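Chain by chain, the residues:
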Amino acid sequence: MAAPFTRVSRPLWRIITTTTSNGGVRNVSYTRQQWSAQNVKTAGAAASPWALHGAVCVQRLPVVSQDRSPIEEKFMELMQQMELERSLLADHELKLLDDAARMSRKQEEDYDSDEEEDYKDKEIVTAQDLEDIWEQKLKEFQPALRTQGVNQKDVSSSERCLTDSLILLVKKDIGSQKLWLLPQIQWQMGETLRQTAERALASLPGADLKATFLGNAPCGFYKYKYPKDIQKEGSVGAKVFFFKAVLSSHKHLPLEKNSFAWVKKDELQDFLKPEYLKQVRRFIMAL
């Protein structure tokens, strides 16, 4: 039979004890004031010399489809030929045969006009008439341009390379150097890292960008040390947590040159440092 349960009037943290090696009992409980003081002391000692940053990888997805390769062109022609050979006649093709048969009957000597009772009081539109109308509409149709008339080498414009996915880079001052990086900003007390990344995008000067963030968890991480002249101030370096986002809308105006750049994945090596590029490439997909 289980022992009866006795209600303990004192808090559990006041009666925690541990047995010493000589069989005695040593009380290791803390008062509330002692416990709070210990936590404050530990938090102060655990202050990290690394600054936390939130960064965002903004991608402008392809606007138009990519040009087909020679192999894709041949495969498309093969599929179209197979579809043509195996398909049944369409309604328009059946109408063409019906019109041809009706015109052939009218040319016969024993043609009886009563056979056309079904078409009496109706405007007859032949399949050939429809084709002529469609041909005229096709001539009037003007397809949209595959380029926006911008210089494809102007990396400040997001309207370049519409068939590819572009990534936004900004030039930041790191010590005495100016480096190309993904938009980033230092974390502030009370906000999540995603909120920090959102603030990094919203704080870009002269850029009215709206993006959809993909999840609340970072997709990548990078750590770097500050130059020695900055380390003297007590900060060793920065730990950067990357978040992914897709560009949803923006003003179609080029950003400030030499400060912003929209680049393709295979162009990143011309802008980013090797170690930084190595980490970025891990979470960027060539869509």
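The name given to the protein in an unreviewed UniProt entry is Large ribosomal subunit protein mL46, with Anabarilius grahami as the source organism. The protein has a UniProt comment under Sequence similarities (unreviewed entry) that states "Belongs to the mitochondrion-specific ribosomal protein mL46 family." According to the UniProt record, the Subcellular location (unreviewed entry) comment for the protein is "Mitochondrion".

J.: Whenever I open this one, the pattern of salt bridges confuses me. Can you help?
T.: Scanning the entire structure with this criterion turns up six salt bridges. With a closest N to O distance of 2.7 Å, D173 and K178 form a salt bridge. Using a relative accessible area of 52% as the deciding quantity, one classes D173 as exposed. On the basis of relative accessible area, K178 is assigned to the exposed category, the value being 57%.

J.: Hey, could you run me through the nonpolar core in this one?
T.: In summary, soluble globular proteins display a tendency toward joint burial of nonpolar side chains. The biggest cluster of nonpolar side chains holds 25 residues, and the ones touching the most others in it are L169, L182, F242, L268, L272, Y276 and V280. Among the elements of the structure, strand 3 (50-60), strand 4 (166-174), strand 5 (177-181), strand 8 (220-225), strand 9 (237-250), strand 10 (260-263) and helix 7 (274-280) are those that each provide at least two residues to this core. In contact with L169, other than residues within four places in its own chain, are W180, L181, L182, S259, F260, A261, V263, L268, F271 and L272. Formed by 17 residues, the second largest nonpolar core is a distinct cluster that contains V58, L166, V170 and A207.

J.: What's the story with the state of the cysteines in this structure? I'm lost.
T.: One covalent bond between the sulfur atoms of two cysteine residues makes up a disulfide. Enumeration over the complete set of coordinates arrives at zero disulfides. Considering cysteine sulfurs only, C57 is the nearest to C219, which forms no disulfide, with 6.5 Å between them. The exposure class of C219 is partly exposed, given its relative accessible area of 30%.

J.: Hey, could you run me through the pairing of strand 4 in this one?
T.: Regular strands show a simple pattern: their side chains alternate between the two faces of the sheet. One ladder, built from two bridges, connects strand 3 with strand 4; its direction is antiparallel. Paired with Q59 across the two strands is I167, which belongs to strand 4. In terms of strand pairing, strand 4 meets strand 5 through five bridges, oriented antiparallel. Bridge pairing in strand 5 places I174 opposite Q177. Taking the residues that link successive antiparallel strands as the turn, the strand 4-strand 5 hairpin has two residues, and the phi of G175 there is positive, at about 70 degrees.

J.: Explanation requested: a nonpolar patch on the surface in the structure shown.
T.: A surface patch of nonpolar side chains, about 310 Å² in accessible area, is lined by F75, L78 and M79. Mapping L78 onto the fold places it in helix 2 (residues 70-86).

J.: How should the environment of K265 be read in this particular structure?
T.: With respect to the secondary-structure elements, K265 resides in the loop between strand 10 and helix 7. Residues K265 and I167 lie 98 residues apart in sequence; the distance between their C-alpha atoms is 7.3 Å. A distance of 3.0 Å separates a polar side-chain atom of K265 from the backbone oxygen of I284.

J.: Honestly, unusual backbone geometry in this entry has me stumped. Any pointers?
T.: Excluding glycine, residues mostly have negative phi values, and the peptide bonds linking residues are mostly trans. Unusually for a residue other than glycine, C161 sits at a positive phi of about 50 degrees. In this fold, C161 is placed in the loop between helix 4 (127-140) and strand 4.

J.: Help me out: how do you make sense of the environment of L201 in this one?
T.: Relative to the elements of secondary structure, L201 occurs in helix 5 (residues 193-202). Considering only alpha carbons, one finds L201 and A55, 146 residues apart in sequence, at a separation of 8.3 Å. Look past the residues within four positions of L201 in its chain and what remains in contact with it is V56, V58, L209, A211 and F213.

Here is what the cut-offs are and how they apply
Residues numbered from 1 in each chain as written. Predicted model: local features only at pLDDT ≥ 70, side-chain atom pairs only at ≥ 80, totals over all residues. Heavy atoms only, no water. UniProt positions renumbered as here; feature names shortened; annotations may be inferred. Salt bridge = Lys/Arg side-chain N within 4 Å of Asp/Glu carboxyl O. Buried < 20%, exposed > 50% of the residue type's maximum accessible area, 1.4 Å probe, protein only. Core = buried A, V, L, I, M, F, W, Y, C linked by side-chain atoms within 4.5 Å. Helix = DSSP H or I, 4+ residues; strand = E, 2+ residues; numbered from the N terminus. Contact = heavy atoms within 4.5 Å. Disulfide = S-S within 2.5 Å. Pairing = 2+ DSSP bridges. Patch = residues over 30% accessible without salt bridge, like charges linked within 9 Å, V, L, I, M, F, W, Y side chains within 5 Å. Areas by Shrake-Rupley, 256 points an atom, 1.4 Å probe, with all protein chains shown as cover. Polar contact = N/O pair within 3.5 Å; in protein donor to acceptor, adjacent residues only side chain to side chain.

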